[in-house]
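Structure at a glance
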Amino acid sequence: MRDAAPTTIYLKDYTPFGYLVDSVHLTFNLAQHATRVTSRIAFRPNPDATDRTFFLHGEELTLIRAAIDGEVISPDISDKGLTAQVPDAPFIWEAEVEIDPGNNTALEGLYMSNGMYCTQCEAEGFRKITYYPDRPDVMSTFTVRINGDLPVLLSNGNPTGSGEGWAEWTDPWPKPAYLFALVAGELVAHPDKFTTRSGRDVELNLWVRPGDEGKCAFGMEALKQSMKWDEDVYSREYDLDVFNIVAVDDFNMGAMENKGLNIFNSSAVLASPETSTDTNFERIEAIIAHEYFHNWTGNRITCRDWFQLCLKEGLTVFRDAQFTSDMRSEPVKRIHDVIDLRARQFPEDNGPLSHPVRPESFQEINNFYTSTVYEKGAEVIGMLKRLVGDDAYAKALDLYFERHDGQACTIEDWLQVFEDTTGRDLSQFKRWYSQSGTPRVKVAEDWADGTYTLTLSQSTNPTPGQSEKLPQVIPVAVGLLGANGDEVRGTEVLELTEAEQSYSFTGLASKPVASILRGFSAPVILEHDHGNAERAFLLAQDTDPFNRWEAGRSLAQDTLLRMITEDAAPNADYLDGLLAVLRDGDLDPAYRALMLGLPTQSELAAALHESGTTPDPLAIWASVETLRQATAQHVQDLLPRLHSEAVIDAPYDPGAAQSGKRALGGAALALTSRLDGGAKAAEEYAKADNMTLQLTALSCLLRARKGEAELAAFYDQWRHDRLVMDKWFALQVSMAAPEATPQTAQSLTEHADFNWKNPNRFRALMGSLAMNHAGFHQTDGAAYQLLADWLIRLDPVNPQTTARMCSAFQTWKRYDADRQDLMRHQLTRISETPNLSRDTTEMVTRILGA
């Protein structure tokens, strides 16, 4: 048996809840296996509702007592909640329930992590705490009393009372239940304060387990920078007297924006130079900003229903990207975002898991916390800003905050403020929210009598549930370059709204070279057959940093595809262009390091599949290795200079200046290791004084099939640091040779430190297995079976993590018949597992239905 047949929920069926909630009072009597939760909730009929059924969500609860206006009742209880007869007037609902946080391994609701009580209520975890209308459009103020023998007792809002064994918190701002939070434990605070622009002091605390105090300073500084940035850029001021962050080891997500009490995965907030890489620091800075920015775009204004998830997440991802661009390098940030979009969202948008930015239906909402909702949702915000302009965007946001503060809103509400501000009809633009798939923009060019004509056509392939696609509004940023690289026309945004449109540029002395989709102005696939000579020109001359990088990336992809399909040699134009970029000391070191990157092996597999060629993962891997070796040989005379540029004679700083130099030095070390067998990497490992340098050197050694002694020393040095040990597990699988990958992963699952119930540790190992393209797709299917075995084992413990990891199989139909059969077998085996969760059932069913 499995969970009851999943129910499909549809956007079109939305109706408001029959009752409004004026106030919520909760009392928690904490006990590891028998926590008692008493609720006292003031309801009144909702005049806008047509259905007055009184249904409260509730799962895995033991009801002790229920009463209405003080009179004990016996409600009808199911495994999804309860119903009761209630007055057609305001009334007080009271209930007492018992829950078992100690055995809550799903990490939803109230659970325990290393002796600490903590919560995760988004999307539907509050129903595992008490009976309540657990939906985002039901908003109320909360007062919470916590009784327990732990020294730190935290909840949302402001502290309003405390004594020995108890604390009370009141949140004056109405919120939905998914933003509720509670933490209790043996914790130490890293305190600070922030003075808002109106002169109000806000108490800041970053709460950690004893021993982690030395990893808090960067996170606190990032929080203060975020608060200041949101005031300066969006005029948003913090609205409570205290802002708390708590670091938790067992957490399914990166972090959670609970009002006034953000709960963070430890990996997303704890950092020190010795234990964290530059990438970790930048990620932490961005996640802290993201969760803080949710205070207005997510908390003060939330989403009406979970179909509108992109309203809060897309906007907030866009805002945190703006923040990172301002704190660091805008071109480098944009390139990183596009790399991630193409690696994660494009496969999702073009496979069996494809769905619109605003889905029309779901069975399990946890399965829609996706790259499409988050990253593509942010791209939609960026396009909207590009179309209306910076000033109109700022005015529309001001109106959005003014009009909808304290409300649960929809995409229609969001677009309406832009229409009201600009007078522009956005009905066609709205298709970005309803139409799935990645649009393809095809380019055709014509030159005659001083006029350059650019013809753009758009199409989108069919996706599950959507066979017919309509034209979308696509902003295409274009610049024109002369033969010497000078701009003959600066960047213009062309609006592609029809299936095909032409744009003419007159008065030109000679045929220009077009730089198209500058800044990646829309999340589309550009089909522009302009030849490698023109790509090489753009790599050398383009004045748009993104498109200069894109030209190199396109050259690299074309080179690799020809190497794979035609047994061609590495392209000399690509290697020469790369050398010229690396020599340019005026360029940002981080930008030069990015230029050395290649398309992922998964991207190459997708390109081969789209061209009608069945991808061979081992052939792809071999070609990538050959090109990397050729690159190392081609630039070897420059490598000593790059190493010297990376030397930093100053204390460690995770900011853009130093991290860029380390990125370039790391890229140079990877190339050097291909020439000297890892000799310099061994030297660098021995003298490394921060985790970025140490892990970079160790990676180079493992890639060179060396470094056994260093790997053992790394373990001995860091075996007691849980976050560094995640790196140790991930690195070995990531760097393993393809033929050794499944056995490497299998051996690590038997290691004493493989705590598979911890999401970070499970993702470190199994996520790295899935990302090692050639290793995962070994012809014997050993990696497929290993991952399936562990997903079957994890599902009854943590369905949410299991379901998300199933996406490793989403591209199974790209490959040859034998590999397809092997993956289909494992997917079927998962689907036929007794008592499979609805989370995993939905994911596997969608993938198999490709």
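Report on the accompanying structure. (Residues numbered from 1 in each chain as written. Predicted model: local features only at pLDDT ≥ 70, side-chain atom pairs only at ≥ 80, totals over all residues. Heavy atoms only, no water.)

Bringing unusual backbone geometry into the picture now. The omega torsion across Glu122 and Ala123 is 5 degrees, close enough to zero to call that bond cis. Residue position: Ala123 is located in the loop between strand S11 (116-120) and strand S12 (140-147). The phi dihedral of Leu107 is positive, around 60 degrees, even though this residue is not glycine. Within the secondary structure, Leu107 is located in the loop between strand S9 (91-99) and strand S10 (109-113). Owing to a relative accessible area of 5%, Leu107 belongs among the buried residues under this scheme. Phi is positive for Asp449, which is not a glycine, with a value near 50 degrees. (Helix = DSSP H or I, 4+ residues; strand = E, 2+ residues; numbered from the N terminus. Buried < 20%, exposed > 50% of the residue type's maximum accessible area, 1.4 Å probe, protein only.)

Under the defined criterion, the tally for this structure stands at 60 salt bridges. Here Asp721 and Lys215 are joined by a salt bridge, their closest N and O atoms 2.5 Å apart. Residue Asp721 is found in the loop between helix H19 (708-718) and helix H20 (722-735), and its partner Lys215 is found in the loop between strand S18 (201-208) and helix H1 (217-234); the two are separated by 506 residues along the sequence. On the accessibility criterion, Asp721 (10% relative accessible area) is buried. Taking relative accessible area as the criterion, Lys215 reaches 10% and is therefore assigned buried. The partner of Glu257 in a salt bridge is Lys312, with the nearest N and O atoms 2.8 Å apart. Of the two residues, Glu257 sits in the loop between strand S20 (255-256) and strand S21 (261-265) while Lys312 sits in helix H3 (residues 309-327), which places them 55 residues apart along the sequence. For the pair Glu257 and Lys312, one class covers both residues: buried. Because the salt bridges share partners, they merge into one network encompassing Glu59, Glu124, Arg127, Asp134, Glu364 and Arg838. (Salt bridge = Lys/Arg side-chain N within 4 Å of Asp/Glu carboxyl O.)

Pairing between the strands of a sheet is mediated by backbone hydrogen bonds and can be parallel or antiparallel. In spatial order, the strands read S6-S5-S9-S3-S2-S12-S15-S14; together these eight strands make up an open sheet with mixed pairing. Looking at the sheet topology across the chains shown, the edges are occupied by strand S6 (71-72) and strand S14 (158-163). Bridge count between strand S5 (residues 62-68) and S6: two bridges; the pairing is antiparallel. Opposite Ala67, over in S6, you have Val72 as the bridge partner. (Pairing = 2+ DSSP bridges.)

Moving on to the nonpolar core. Of all hydrophobic cores here, the largest spans 263 residues; its most connected members are Trp93 and Trp414. A per-element tally of this core places helix H5 (residues 371-388) first, with nine residues. (Core = buried A, V, L, I, M, F, W, Y, C linked by side-chain atoms within 4.5 Å.)

The subject of this paragraph is the packing of H3 against helix H4 (residues 330-349). Two elements in contact, H3 and H4, have axes whose closest approach is 7 Å; the angle formed by their N-to-C orientations is 140 degrees. With respect to H4, the element H3 is oriented oblique. Along the contact surface, H3 presents Ala321, Thr324 and Ser325, while H4 presents Glu330, Lys333 and Asp337. Split into classes, the residues belonging to the contact of H3 with H4 amount to one nonpolar, two polar and three charged. (Axes fitted to C-alpha atoms, helices over the stretch in contact; angles between N-to-C directions. Parallel < 35°, antiparallel > 145°, perpendicular 65-115°, else oblique. Contact = heavy atoms within 4.5 Å. Nonpolar A, V, L, I, M, F, W, Y, C, P; charged D, E, K, R; others polar.)

Here we take up the pairing of S11. With five of its five residues buried, S11 lies for the most part within the structure. Side chains Met116, Cys118 and Gln120 of S11 all project onto a buried face; the interleaved residues Tyr117 and Thr119 project onto the opposite face, where all are buried too. One ladder, built from five bridges, connects S10 with S11; its direction is antiparallel. Within the sheet, the bridge partner assigned to Gly109 lies in S11 and is Gln120. Count of turn residues in the S10/S11 antiparallel hairpin: two residues, of which Asn114 carries a positive phi of about 50 degrees.

It is worth spelling out the packing of H3 against H5 at this point. Between H3 and H5, whose axes approach to 7 Å, the crossing angle comes to 70 degrees. When the axes of H3 and H5 are compared, the pair comes out roughly perpendicular. Between H3 and H5, the residues in contact are Leu309, Cys310, Glu313, Gly314, Leu315, Val317, Phe318 and Gln322 and Val373, Tyr374, Gly377, Ala378, Ile381, Gly382 and Lys385, respectively.

It is worth spelling out H3 at this point. For H3, spanning 19 residues, the distance from its first C-alpha to its last is 27 Å, which sits close to the expected 27 Å at 1.5 Å a residue. Most of H3 is tucked away, with 17 of its 19 residues classed as buried. (Expected span 1.5 Å × (residues − 1).)

Moving on, we come to the sheet that holds strand S28 (residues 487-496). One open sheet accounts for three strands, arranged S28-S27-S30; its pairing is antiparallel. Strands with a single pairing partner mark the edges of an open sheet, and in this sheet they are S28 and strand S30 (513-516). Adjacent strand axes in the sheet meet at a mean angle of 25 degrees when their direction is disregarded. Summarising the sheet, strand S27 (residues 474-481) and S30 pair through four bridges and their orientation is antiparallel. Bridge pairing links Leu480 to Ala514 in S30.

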